[in-house]
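Listed below are the residues making up each chain.
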Amino acid sequence: MMTPTVRSMRGVWSRRVRKLFATRRRAVASVLSMMFLILFGSLATAMAISSRGNIRTAATHVHVQRAMAAAETGLVVAQSRLQEATARFVVDRSDMNGTYVSNLWRGTASGTITVLPSPSGINESGRPAGIAAAVFNAHAAESNRITAAGIAEPVMGQAPSGTDLSVFAREGWIFTPVIGVESRPEGDTPPPGYTITYAPLANGTDVRVIVTGFDFDYQRGSSEPIARTVSQDFRISKRIRRVVVSPTKVMLGKNVNVVGDVAARFTDVTRPMGDPLIMRSDFFGLDSPLDAKLNDLFAAISTSDVDGDNRLRIGHPVEGASIPSNSRDYNGDGRADEAFQDATGDGFVDEFDVFIRHFDTDSDSRVSAAEFTRGGNLIDGELFRLIDSANPDRNRNGLFGFRDDNRNGRREDTEPFLDLDPRNSTARDNVLGYLDNVVDRRDQYAKVRGRLLFRSTEAAWRSAQPTYNARLQGPVNTGGTGSARGFGLGDDALMNPDPTALAGATADLQNASNGQGFWDQVASQLGVGVNTLTTYNETKPATSTLPRYQRVDADNNNDGLPDNWASAFFEPSPVDSPNYSDWYYRPVFQNMTFRDVQIPVGLNALFRNCTFVGVTWVRTTTSNTHVLWGEYGKMQLGSDGKPRPYPPRFVYGDDGSETSYPTMLPSSARPPNQMILMVQNSFSPLDKADIPANQVASTNGYNNLPDPLIVNGRRVVDTKLVSNNVRFHDCLFVGSIVSDTPTNYVQARNKLQFTGSTRFTDTHPTQPDNSALNPDSSDRDVIARSSMMLPQMSVDLGTFNSPPTQSVELKGVIIAGVIDIRGNTTLDGALVMTFNPVLGQYPLVDVLGNPIGNPANFNASIGYFGPADGDAESLDPNTLPIVAGQRVVGWDTTVPPDGIPDVPSSQAQPPGSVAVPFNGYGRINLRSNPDMLLPNGLSLPLEATPLPATYREGRM
């Protein structure tokens, strides 16, 4: 038992221990508190610092983005300024090498250069000498400059010191002041802005645009605003985006697909049929109920199409409200046809939608070949192929088409596509609907994929032809590049095809035609001497594959006929036309190969199954200005079935009146005050040389007779001998064809026809490595610029009834006086016509100088048009007789048959002849190629094209 003292001590100790431990607990808590206080304080400080940093970073990022946005805005502005300035320069030279473009930039280029007014309407002291000056002037007119940030005015000068002159040019740099992207009150911080540097590159053709964007709301310690830089290169080039350019009326017929702009320069709209452009639907004539549907659609389009694209926009208050009713029963089956639904889903109703809805039997918004078949045959096979093959480069990678092994222009199952995916051999374009044997929305059908451009104003055209809209059929899809129609445009937009300006390009091709003489090449292939050709008699049968020559002799007895007219070959011109202009006795060359050859003037030949390598030059007389040039030497078919000169029919006149007599009247028998005007329809029209010297004084109106036609010092009474009318049938051109340039367009005399399966290519299709059958490497550049350089010549590609084997493939710029294209033709380039018909100028003038004729009768006819459309050289298939179940155009008497009717179907079939069936309307694809080489002489505005792969961010 403890004593009290011990108990007391134990109590004291316990109290001390409890106190001690209580003190220790309080100390630990304090330490922990202080530790947590420090920890939380540190965390709070860190969080505060981090938050402030994040806020500062976020704010900086915002400013950086504003500077970048300003730079991007500046790049867009720079592109606009550069393209606008470049387009002001219209040049005729097409060789856009570095030296020439550099001189254009600096204003030291020579040649024909037209500088257009600024489209922005800026004030200039004078037209800029070069592109750089035009860019400078555009920036000098800008406002909202931020002068405190640097230079106050644009500066043109040299490259900054230290510039790599292997990359950049030394001269012609442009520096702009900083331009604000928005306005702010004075005294405020400047708004974001940009400065532009135009730096011409050392290659001469390119300009690097360097844009620095600034944000002045945030400045670094050095008081510099945040800045970001972007750059991109632009190439100055000359391109033609028009696929058709014509001073005559343009006619786009059935089964024609156009990719590119159509420029119609014809303005004489007050004449009968004086429309600058006529377009025909591809879908008329396929089925009567479909025709009725199309008539209703076109009636609505002609009155309610507000933007001229020949489509009706769904939901539009005017166009959409005019879409014909879908409740009408056109085929009489008692059900609504719902003909005017948007089958392609593009937001429009056009004739392609109506076509799909009409033939789509399984309601999948597609028309298969089986659905478009009647009686085991496609209703219009060429139309089906035209739509299915339109827009061949569906994935836009630059590779498209198929290997056409049999060269018929149509793909067979064994012919491979060219754009194959190497991973799985899938045909990329085919997957996207190209030649998949179905027509649907993926084919992106449009009659014209481009714009319709007119020199005539719409008011003038509408006033003269109130219903002109009805003559423009077929959807027009511009792809967002502008309105479907442009009116009242000038030469800068339409291009003025002047034949004299093409002299340089024509000469380039002519200089390449430097092979052996024509008759030397003929004699060599026949295995005879040149001097024996005048008496050469062809003994090989017409079916032979060896070279053959059938000659035509000269007219040595002056009766207007070749001396061997009884056995010589003859045909009308144009061939296969019910309304021919004249008859020709032709020498025939068959199964021959010519290289860089010149076809002699006055040859007027027929070439059958011949190959022309390099450049073929058709010679003719250029000074064909005589008013009767087209009349001298005309023929008519005689009673014996042979062409003969027209018998003279004397025409007298007084003050514009005309009276015809079969024979020449003596002066005493003529009506009072009447004079001899001409011998109409004679191979030798009357001129002053026909009046004997002792009768001149007594011949009333002698001074009004034309002077005799003198060529090279000799009188000419038959202009066939000094012109050239040539037909090429089933021929192959590995290269180009060029002609002399006649002063006047004389359709009957200077004419080239390409019929049968005539083809053009730049490389021999079966022997690409055979140097004898391919052009010289030194000539390939000029050949690539044009397959045909035929200014002021009349050109026919194909015939009204071209055979399915015809497949004309053309590249480059095709130059002709006037051109007609029928059958199966593909052009990768542009058609440019040079003949401008003017009333009162030849050939629209008579012997007394009085205006005659109708300028609207001259037209560039592309695709099928019938006689009712104004095409006098064509036939109406519906009027053709049916023989053995098919429509027959005529009878082919040629041995072997060439598919050209020699006797019309309206006459009895001659013994031994072959029926020529109606082969359909063919198909024509015209595709603009902006990247193609151009011949010199085409005056076009320049372009500044961005090079996407050159875009960069950051300082250079």
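Keep in mind it's a predicted model, so treat the numbers as computed, not measured.

*Asks:* Would you take a moment to explain the overall build of the protein for this structure?
*Replies:* A count of helical and extended segments in the protein gives twelve helices and 52 strands. Here the protein holds 956 residues, and 50% of them are scored as buried. Across the protein, the fraction of contacts at a sequence separation of at least 24, relative to all contacts at a separation of at least 6, is 65%. For the protein, the accessible area works out to roughly 42,300 Å², and carbon and sulfur atoms hold 51% of it.

*Asks:* Would you explain helix α2 (residues 98–106) in this entry?
*Replies:* Structurally, the α-helix is built with 3.6 residues per turn, so residues lying three or four positions apart point the same way. Every buried residue of α2 is accounted for by Gly98, Tyr100, Val101, Asn103, Leu104 and Trp105. One side-chain oxygen at the N-terminal end of α2 lies 3.2 Å from the backbone nitrogen of threonine 99; it belongs to asparagine 97.

*Asks:* Teacher, can you tell me more about the nonpolar core here?
*Replies:* Across soluble globular proteins, nonpolar side chains have a tendency to be buried as a group. Core analysis: the biggest nonpolar cluster contains 63 residues, and Phe607, Phe728, Ile737, Phe754, Met788 and Leu831 have the highest contact counts within it. With six residues, strand β43 (residues 808–821) is the largest single contributor of residues to this core. Counting residues in hydrophobic clusters, the runner-up holds 32 residues, among them Met68, Met96, Tyr194 and Ala944.

*Asks:* Even after reading the chapter, I still don't get the side chain of asparagine 255, so can you show me in this structure?
*Replies:* The residue asparagine 255 is located in the loop between β10 (249–252) and β11 (256–259) in this model. Judged by its relative accessible area of 0%, asparagine 255 is buried. Those residues in contact with asparagine 255, other than ones at most four positions away along the chain, are Asp282, Asp380, Glu382, Leu383, Leu386, Lys447, Tyr921, Gly922, Arg923 and Ile924.

*Asks:* Even after reading the chapter, I still don't get the packing of aromatic side chains, so can you show me in this structure?
*Replies:* How two aromatic rings sit relative to each other is given by the distance of their centres and the angle of their planes. Per the stated rule, a full pass over the model turns up 47 aromatic pairs. For the ring pair phenylalanine 454 and phenylalanine 487, a centre distance of 5.1 Å and an interplane angle of 20° mean the geometry is stacked. Pair noted here: phenylalanine 454 is in strand β21 (residues 452–454) and phenylalanine 487 is in the loop between β22 (485–486) and α9 (491–494), with a separation of 33 residues, a long-range link. Classification of phenylalanine 454 by relative accessible area gives buried; the value is 1%. The exposure class of phenylalanine 487 is partly exposed, given its relative accessible area of 23%. Between tyrosine 549 and phenylalanine 589, the ring centres sit 5.0 Å apart and the planes meet at 15°, which makes this aromatic pair stacked. Linking tyrosine 549 in strand β23 (residues 548–550) with phenylalanine 589 in strand β26 (residues 588–590), this pair joins segments that are 40 residues apart in sequence. A single burial state applies to tyrosine 549 and to phenylalanine 589, both of which are buried. Each residue in the set Phe518, Trp519, Tyr536, Tyr549, Phe589, Phe594, Phe607, Phe612, Phe728, Phe733, Phe754 and Phe760 is aromatic and connected to the rest through ring pairs, giving one cluster.

*Asks:* For this particular structure, what's the right way to read empty space enclosed by the protein?
*Replies:* Which parts of space are left empty comes out when a probe the size of a water molecule is rolled across the atoms. Inspection of the entire model under this criterion finds four cavities of 30 Å³ or more. Taken as a whole, the second largest cavity holds about 40 Å³ of empty space. Lining the second largest cavity we find Asn257, Val259, Ala390, Asn391, Gln444, Tyr445, Ala446 and Arg449. Counted by class, the lining of the second largest cavity contains four nonpolar, three polar and one charged residues.

*Asks:* How should the pairing of strand β39 (residues 732–739) be read in this particular structure?
*Replies:* Every regular strand shows the same layout, with side chains that alternate between the two sheet faces. Here β39 lies mainly inside the structure; eight of its eight residues are buried. Relative to β39, strand β30 (residues 611–618) runs parallel, the two being bridged by eight bridges. The residue bridging valine 615 from the neighbouring strand is serine 736, located in β39. Two elements, β39 and strand β41 (residues 759–761), share three bridges in a ladder whose sense is parallel. Its bridge partner being in β41, phenylalanine 733 is matched across the sheet by phenylalanine 760. Sheet topology places β39 next to strand β42 (residues 788–797); two bridges connect them, and they run parallel. Bridge pairing links valine 738 to methionine 789 in β42.

*Asks:* Looking at this model, I keep getting lost on the environment of alanine 884. Mind explaining?
*Replies:* As for its position among the elements, alanine 884 is in the loop between β46 (882–883) and β47 (886–892). Given the relative accessible area of 82%, alanine 884 is considered exposed.

*Asks:* Sorry if this is basic, but what is going on with the confidence of the model for the protein here?
*Replies:* Interpreting fine coordinate detail is not advised for predicted regions of low pLDDT. Overall, the predicted model of the protein reaches an average pLDDT of 87, with 88% of residues at or above 70. In this model, residues 1–14 is a region of pLDDT below 50 whose contacts with residues beyond four sequence positions or in other chains number two contacts. Counting interchain partners and residues more than four positions distant, the pLDDT-below-50 stretch residues 16–21 has zero contacts.

*Asks:* Looking at this structure, I do not really get the packing of helix α4 (residues 288–304) against helix α5 (residues 351–359). What am I missing?
*Replies:* What describes two packed helices is the angle between their axes and the distance between those same axes. Relative orientation of the contacting elements α4 and α5 amounts to 155°, with a least axis distance of 10 Å. Taken together, α4 and α5 sit at an angle that is classed as roughly antiparallel. As for the relative orientation of α4 and α5, their crossing is right-handed in sense. The residues of α5 that touch α4, namely those facing Pro289, Leu290, Lys293, Leu294, Leu297 and Phe298, are Glu351, Val354, Phe355, His358 and Phe359.

*Asks:* How should I be thinking about the state of the cysteines in this particular structure?
*Replies:* Throughout this description, disulfide means a covalent bond between two cysteine sulfur atoms. Following the criterion strictly, the structure yields zero disulfides and no others. Free cysteine cysteine 610: the closest other cysteine sulfur is in cysteine 731, separated by 5.0 Å.

*Asks:* Quick question: what am I supposed to make of helix α6 (residues 381–389) here?
*Replies:* α6 sits mainly inside the fold: eight of its nine residues count as buried. Looking only at α6, the buried set comprises Gly381, Glu382, Leu383, Phe384, Leu386, Ile387, Asp388 and Ser389. Of the residues one or two after α6, asparagine 391 is the one with positive phi, at around 55°.

*Asks:* How do you make sense of the pattern of salt bridges when you look at a structure like this?
*Replies:* For side chains bearing opposite charge, pairing can occur when the charged atoms are close. A full pass over the atoms with the stated rule returns 49 salt bridges. For arginine 271, the salt bridge goes to aspartate 268, with nearest N and O atoms at 3.1 Å. Note that aspartate 282 is salt-bridged to lysine 447, the shortest N-O span being 2.6 Å. Of this pair, aspartate 282 sits in the loop between β13 (277–279) and α4 while lysine 447 is found in the loop between β19 (438–439) and β20 (448–449), placing the two residues 165 residues apart along the sequence. Residue lysine 447 is classed as buried on the basis of its relative accessible area of 0%.

*Asks:* It is not clear to me how the side chain of arginine 394 should be interpreted in this structure. Could you clarify?
*Replies:* Structurally, the position occupied by arginine 394 is in the loop between α6 and α7 (428–431). A polar atom in the side chain of arginine 394 sits 2.7 Å from the backbone oxygen of asparagine 391. Among the polar contacts made by the side chain of arginine 394, one reaches the main-chain carbonyl oxygen of arginine 442 at a distance of 3.0 Å.

*Asks:* What's the story with unusual backbone geometry in this structure? I'm lost.
*Replies:* Glycine aside, negative phi is the norm for most residues, and most peptide bonds take the trans geometry. Serine 573 connects to proline 574 through a cis peptide bond whose omega is -5°. Relative to the assigned elements, proline 574 resides in the loop between β24 (569–573) and β25 (582–586). Of note in this structure, asparagine 558 is not a glycine but carries a positive phi near 55°. Take asparagine 558: it is sitting in the loop between β23 and β24. For glutamine 792, which is not a glycine, the phi torsion comes out positive at approximately 65°. With respect to the helices and strands, the residue glutamine 792 is situated in strand β42.

Conventions we followed
Residues numbered from 1 in each chain as written. Predicted model: local features only at pLDDT ≥ 70, side-chain atom pairs only at ≥ 80, totals over all residues. Heavy atoms only, no water. Helix = DSSP H or I, 4+ residues; strand = E, 2+ residues; numbered from the N terminus. Buried < 20%, exposed > 50% of the residue type's maximum accessible area, 1.4 Å probe, protein only. Contact = heavy atoms within 4.5 Å. Areas by Shrake-Rupley, 256 points an atom, 1.4 Å probe, with all protein chains shown as cover. Polar contact = N/O pair within 3.5 Å; in protein donor to acceptor, adjacent residues only side chain to side chain. Core = buried A, V, L, I, M, F, W, Y, C linked by side-chain atoms within 4.5 Å. Phe/Tyr/Trp six-rings, centres within 6.5 Å; stacked < 30°, edge-to-face > 60°. 1 Å grid on protein atoms, 1.4 Å probe; cavity = no way out; pocket = protein on both sides within 12 Å on 5 of 7 lines; lining within 4 Å. Points joined across faces, edges and corners; volume = space filled by probe spheres on them. Nonpolar A, V, L, I, M, F, W, Y, C, P; charged D, E, K, R; others polar. Pairing = 2+ DSSP bridges. pLDDT = per-residue confidence, 0-100. Axes fitted to C-alpha atoms, helices over the stretch in contact; angles between N-to-C directions. Parallel < 35°, antiparallel > 145°, perpendicular 65-115°, else oblique. Left-handed = near helix turned anticlockwise from the far one by under 90°. Disulfide = S-S within 2.5 Å. Salt bridge = Lys/Arg side-chain N within 4 Å of Asp/Glu carboxyl O.

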